[in-house]
Each structure stands twice: as C-alpha cells, then as structure tokens.
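# Fold and contact review
One letter stands for each residue in the lines below.
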Amino acid sequence: MFKQQSFYHNTNYIESPYICKLRVKDGLLLYNLLSLELLYLDDNEMVKLEDKSTDLYKELVKKWFYISSDISPQSMVHLIRHRRLTEYKTKLDGKIVYATILTTTECNAKCPYCYESGCAKTTLSEDNCKKISEFLKQNSNGITIRWFGGEPLINAEAITSISSDLQKNGIQYNSNIITNGYLLDRFDDDVLVNLWKLSKIQITIDGTERVYLDTKKLPYDSYDKIIEQICRCARLGIKVNVRIHVTLENSEDVAALLKELNLKFKEVGEYRKNIYIYLAPLFIGLGNVDTTLTESQDINLAKKYIELDRLLRSLQKRRRKISIPKVVHCMADSRNHIVITPTGDLTVCEHCSDREIVGNLDSGIINIPDKWYEPTEKQPECNSCFYYPFCNKLSMCESESYCTTGNRLIMEYKTQTIMWQYYNKWKSEINKSGTCNVSHNLKNLIYSANHELGVNNSTKYNIGRFHFNQKDPWCITFLCWLFYSVFGENLALKYLCLFNFSNDVIKLLEAFKDKNMFSYYDVQPGYIIFLRMNQQWTNHAELVIDVTDTSIITIGGNCGGKVQKNEYNRDDERISGFGKINYE
C-alpha cells in the first residue's frame, strides 16, 4: 500500500507502534502489522538495531519499522483502511453473496450462554421458504447459505425445500450449518452432500461427556452420537469446525476434552484434516450467564486460553497463517450479506433477529442504517496497541465491540505464534541443506537482494564482467551480479551451475538440468524460479526468498523495469520449474 519510506539523516525517526517482537534463541523477529513484513535479525544485528549510522537502520526506515516523527501512525492506518474499503466497494455489484437463514428459533438444547435466550419461538413456514427461494433468485448470482437457528435441524424440511427450489431454478449454491449435531444422523449422505451441499459444519462441544450433558441438557446418548457424526461428516469431505468455550471454571475439563477428542478423531485416519478444533474464551455475558469479569479475572482467562491453545496446537499440529487486515468486520457490514428470520424479516446480524429489521421478503431490503458501518469508539489503549491495524470493531456488535487487557494478551500470543511458525519453517527448510553455514549464506543473499529493491537502472548490473551484448532483458544479469557480489566468482558459478556468467535464461535453465539440479515442483528459499511470462516459453527468472503453503515470494530484476518483490501462486501456470541450490 505504501512505497518505501525515504531515509534522511536529519530526520527524527521513532519505532512504529505496530511492531510485534519475539526473541528467539539466535536472534529477534520483528513483524510489522502495517506493512505485513516479518524480519529476522541475528544477535549481531540486534546490537545495531538503534544505530542510525548503519545500513540496517536505514533498511528498517525504508520498510516502515521506524517512522518519521512528523507522521501520525494512526493516520497511516486510516488511509490504508479507506483505500481498501474503497477498492472493496468498487467490486460490489449489489447482489447478495451470503445469506444466513434461521429455519427456527426453537432448540433442543439449553445452553446457558445462548444469546437467543428469551427470544420468541418461531419456525420458518413453507410459504416463506418459497419466498426465500424467489428472493435469492432475484437478488443473487450464486449464494452461500448459512443455516442457523435455534437448532436449524429441527426444521430440516425448510433446508430441503429451499435447496430443492434453488436446484430447480439453476441457482448455484453451497451451504454451511451451525448445529449441535444431535439430529444429523436422521439425514443420509446424499442429502448432506448433494442436496444441501454442505461444505462446512460448526458444532460446539462444551466439555467431556459429564460436563457436556450437564451444559447442553440433551439426551444421555448425545455426546457419543455427536462424536460419531463429526467423524462421519469428515469422511464425507465436509469440513467440521469444533468450537470449545473456555471459562475460568472449565480449564481442567477442557484440557481433558482436547486429549480425548484427539484420540477419538484419530479413528478417521486421513480425514482428520477435515476436523478443526478451536477455542473460544467467554469474556462477555451472554444468555443467562453473567461473565462480567474483573481485570484480574480477564487476564487469568486469557492465560488459561493460551495454556489450553498450546496444548491444542501440540495435539492438532495445525499452522496458523499470516493474514491481512479484514476490509470489513463481519457479515453485518459486508454489504453483500443478509439474515432472513423465520418470520420473513430481513436484518444484517443474527444477533438481532428479533429487532433492527431492514426489510422483509415481500418488499426486499428497505434501508440499512449507517450505524451498521460505524466503528466502535476508540479506547485510550488503541494509540499504543500493536494490533490496531488489524482491529476494526463495530459499535453495533454485541459480542466484539469491547477490548480488554485479556483480548490484547491473546492477540499478542496468536501473532507471536504465527511469527514462530514461519521462523521455524524457514530454519528447518534452510537446515535441509545440511551445512552449518547455509543459514548465514542464504540470509546474506536474501538481505542483499532486498537491498536492491526499487533499483531501476540496469546499467548498475550490466557492467564489467557482466557487460553482455543484450541490455534487455536483464533478469539473469541481475542474478549473476547478485550471486557474484555475495559469494564471489567461484562459488557463484558453482551455485548457478555455470562455467561462465551469462544473461541467457534458457542457458541457465539448461545448466541446472544438466547438473540434475532442476525440479518441477520442489521449491525452497534460495532456489531460482523460472517463468513463462508470455505463457509460451521460459523467458524470465527470479530468486525465491520465501515459500508458504500457497505462495512463492521472489525478488527479480527487470520486473517492470526495476528490481521488485513478487508473489506467485504455487499452481501458477507460468512456472516452468526451479533451479535447486545447495548452499554451503
């Protein structure tokens, strides 16, 4: 969103408040939540962190880890939000993309924390089912439905009716459901997968069997029955999110539950990947439960959550991913989502199904008040909170408009967990090469490549021994220059599998193949990525600096006439393959 910040010797710079730090055994990680950049500094670099005369300090200024004292950090956040929201709005076409449909407000469970406690009990009629189908036909080009309640399966006839009508009318749809799962066994696989087109299910399990039964007040066989249905749905390819509430009172039982579920879900074998367990701390009073906490209780709940989440991660072995700030808070302010109540009224939030009505099935959406798009009032802590660029709470939100010390502790823990995971993955991939100097050599190469970002003068690289007849393209010239400047001639030629430096893409590609150092799929930081930018033949190459589950991040020369950082999907059809390098 922002270009590199210019460095001036006479300017006063301050550390950005949006930096999360994590000390690791051999250095320091810095994550900039404004620029979304994660940096690793070794012990020697840490000493120079605040030394304004070093190249490292200048690099940190360019990357917005330090900000000019004349600039308001909050104004930068607001500018980014405004731009993202403007871009988001331009993509909206006035059609509804998501619909939450309450089939009923009746429920077969009696969860004490339910926010619908006290709501009038109503059920979606067949007449309103027909109106919903027609409403979606007129107002969407394809829809994702979330079946909600109460317990939506109590009125499964409504789900079947609406799904059947959408199929008959040729409307593209898929659905997910929030359910306690007790009634799932009444419906065969074909209904779940092919008629309802369920892609995701959320089921809450509040504790081990005794605690669960005491909380839900469901029949005595419900615990085992619901575990069976979770396993069944996972085998069908349906993603199942298992939600577990955490309170000050239940932490020991939740720990036992996590270990028990880990054993039970192993029975599904390879389909275990379709089951995702997550924890939800109850910081705020809902339903009949008064969970108004003192500050010390708030902090203790956060600590219990962190302790349990560490246990869960050790059992589930799922990696959190670096995300980007959400443009909107939730479906309520998304401008392409609607909630349909059993009475046929329309609202934008399921927490307000009996009020805050914005229309009905007969008249459509009449008016959505501006208050649904207003952010919550800023708290004093916001000015110094590292997480502020990611925080976009709504004033109308009944469950997340608040922010407490406990919330911020959890956000810091989650962010540092992500930082550790990416650092650990980077270290393990580097160590695969098997030598103690790999980390240092590759780190120097990537650091030097980053230092060249933005250079648009190819003659800087096309000089001396790199003065080739061709001036353009110069992507290989840049790579040769980069490797030579970091490793010297002999080691650079060895890494690039060349006898002499060249600016020929095909020659470099064939050199890696001749040395059996070429891969069509395997990729690691430090490899050379070869690309068919014209989608016909290989005509470009760049240095891979990072790899995620879905993306390959690179730095290359002659990218729009300059040295530039790029990101490619791992399945990008333009990728020809990778030159492998075992760094010494």
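For the structure itself, consult the block above.
Residues numbered from 1 in each chain as written. Predicted model: local features only at pLDDT ≥ 70, side-chain atom pairs only at ≥ 80, totals over all residues. Heavy atoms only, no water.

Next up on the list: the sheet that holds strand β12 (residues 337-340). Overall, mixed pairing links the 10 strands, which are arranged β11-β10-β9-β8-β7-β6-β12-β13-β14-β15 in an open sheet. If you trace the sheet from one side to the other, it starts and ends with β11 (275-281) and β15 (364-365), each paired once. Where helix α4 (residues 126-139) meets the sheet, its contacts fall on β6 (98-102), β7 (143-148), β12, β13 (345-347) and β15, and the angle it forms with β12 comes to roughly 170 degrees. Packed on one face of the sheet, helix α5 (residues 156-168) meets β6, β7 and β8 (173-178) and runs near 170 degrees to β7. (Pairing = 2+ DSSP bridges. Helix = DSSP H or I, 4+ residues; strand = E, 2+ residues; numbered from the N terminus. Contact = heavy atoms within 4.5 Å. Axes fitted to C-alpha atoms, helices over the stretch in contact; angles between N-to-C directions.)

Let us now look at helix α10 (residues 295-316). Two residues of an α-helix separated by three or four positions point the same way, owing to the 3.6 residues in each turn. The terminal C-alpha atoms of α10 lie 31 Å apart, and with 22 residues this matches the ideal 32 Å at 1.5 Å per residue to within 8%. Of the positions making up α10, those classed as buried are Asp298, Leu301, Ala302, Tyr305, Ile306, Leu308, Asp309, Leu311, Leu312 and Gln316. (Expected span 1.5 Å × (residues − 1). Buried < 20%, exposed > 50% of the residue type's maximum accessible area, 1.4 Å probe, protein only.)

Here we take up the packing of α4 against α5. At a minimum axis distance of 9 Å, the contact between α4 and α5 shows a crossing angle of 35 degrees. For the element pair α4 and α5, the recorded crossing hand is right-handed. Between α4 and α5, the contacting residues are Glu126, Cys129, Lys130, Ile132, Ser133 and Leu136 on the first element and Ala158, Ser161, Ile162, Asp165 and Leu166 on the second. Its residues placed into classes, the contact of α4 with α5 shows 6 nonpolar, 2 polar and 3 charged. (Left-handed = near helix turned anticlockwise from the far one by under 90°. Nonpolar A, V, L, I, M, F, W, Y, C, P; charged D, E, K, R; others polar.)

We now examine helix α7 (residues 209-216). All of the buried residues in α7 are Val211, Tyr212, Thr215 and Lys216. Buried positions in α7, seen along its axis, are confined to an arc of 115 degrees and lie on one side of it. Along α7, the residues that are exposed and aim more than 90 degrees away from the buried face are Arg210 and Asp214. In this fold, the buried residues of α7 make contact with β9 (198-204), α8 (222-235) and α9 (251-265). (Arc of directions from axis to C-beta.)

Moving on to the packing of aromatic side chains. Overall, the coordinates contain 24 aromatic pairs when judged by the stated rule. Seen in terms of ring centroids, Phe487 and Tyr495 are 4.9 Å apart; in terms of plane orientation they differ by 85 degrees. Their pairing is edge-to-face. Accessibility assignment for this pair places Phe487 and Tyr495 in one class, buried. Feature note: the residues Phe7, Tyr13, Tyr57 and Tyr66 constitute an aromatic cluster, connected by ring pairs. In this arrangement the basic side chain of Lys513 is found over the ring face of Phe518, its NZ or CZ atom lying 5.1 Å from the centre. (Phe/Tyr/Trp six-rings, centres within 6.5 Å; stacked < 30°, edge-to-face > 60°. Lys NZ or Arg CZ within 6 Å of the ring centre and 35° of its normal.)

Attention shifts here to the sheet that holds strand β21 (residues 575-579). The strand order β16-β21-β17-β18-β19-β20 describes an open sheet built from 6 strands, whose pairing is antiparallel. Since the sheet does not close on itself, it has two edges, and those belong to β16 (518-519) and β20 (562-569), each with one partner. Contacts between helix α13 (residues 475-487) and the sheet are confined to β17 (528-531), β18 (540-547), β19 (551-559) and β20, with β18 contributing the most and set at about 50 degrees to the helix. Its contacts with the sheet put helix α15 (residues 505-514) on β16, β17, β18 and β21, and the angle it makes with β17 is roughly 125 degrees.

A few words on the environment of Gln524. Considering the arrangement of structural elements, one finds Gln524 in the loop between β16 and β17. When the C-alpha positions of Gln524 and Ile545 are compared, they lie 8.0 Å apart, and in sequence the two are 21 residues distant.

Glancing now at the environment of Asn367. Take Asn367: it is sitting in the loop between β15 and α11 (405-431). Its relative accessible area of 48% is what places Asn367 among the partly exposed residues. For the pair formed by Asn367 and Ile357, sequence separation is 10 residues and the distance between their alpha carbons is 8.9 Å.

By the criterion of burial, strand β3 (residues 27-32) is predominantly enclosed, with 6 of the 6 residues buried. Going residue by residue along β3, you find Gly27, Leu29 and Tyr31 tucked away on one face and Leu28, Leu30 and Asn32 tucked away on the opposite face as well. Pairing of strand β2 (residues 19-24) with β3, which is carried by 6 bridges, proceeds in the antiparallel orientation. Counted as the bridge partner of Cys20 is Tyr31 from β3. The hairpin turn running from β2 into β3, its antiparallel successor, is 2 residues long. With 6 bridges connecting them, β3 and strand β4 (residues 37-42) associate as antiparallel partners. Each bridged residue has a counterpart across the sheet, and for Leu29 the counterpart in β4 is Tyr40.

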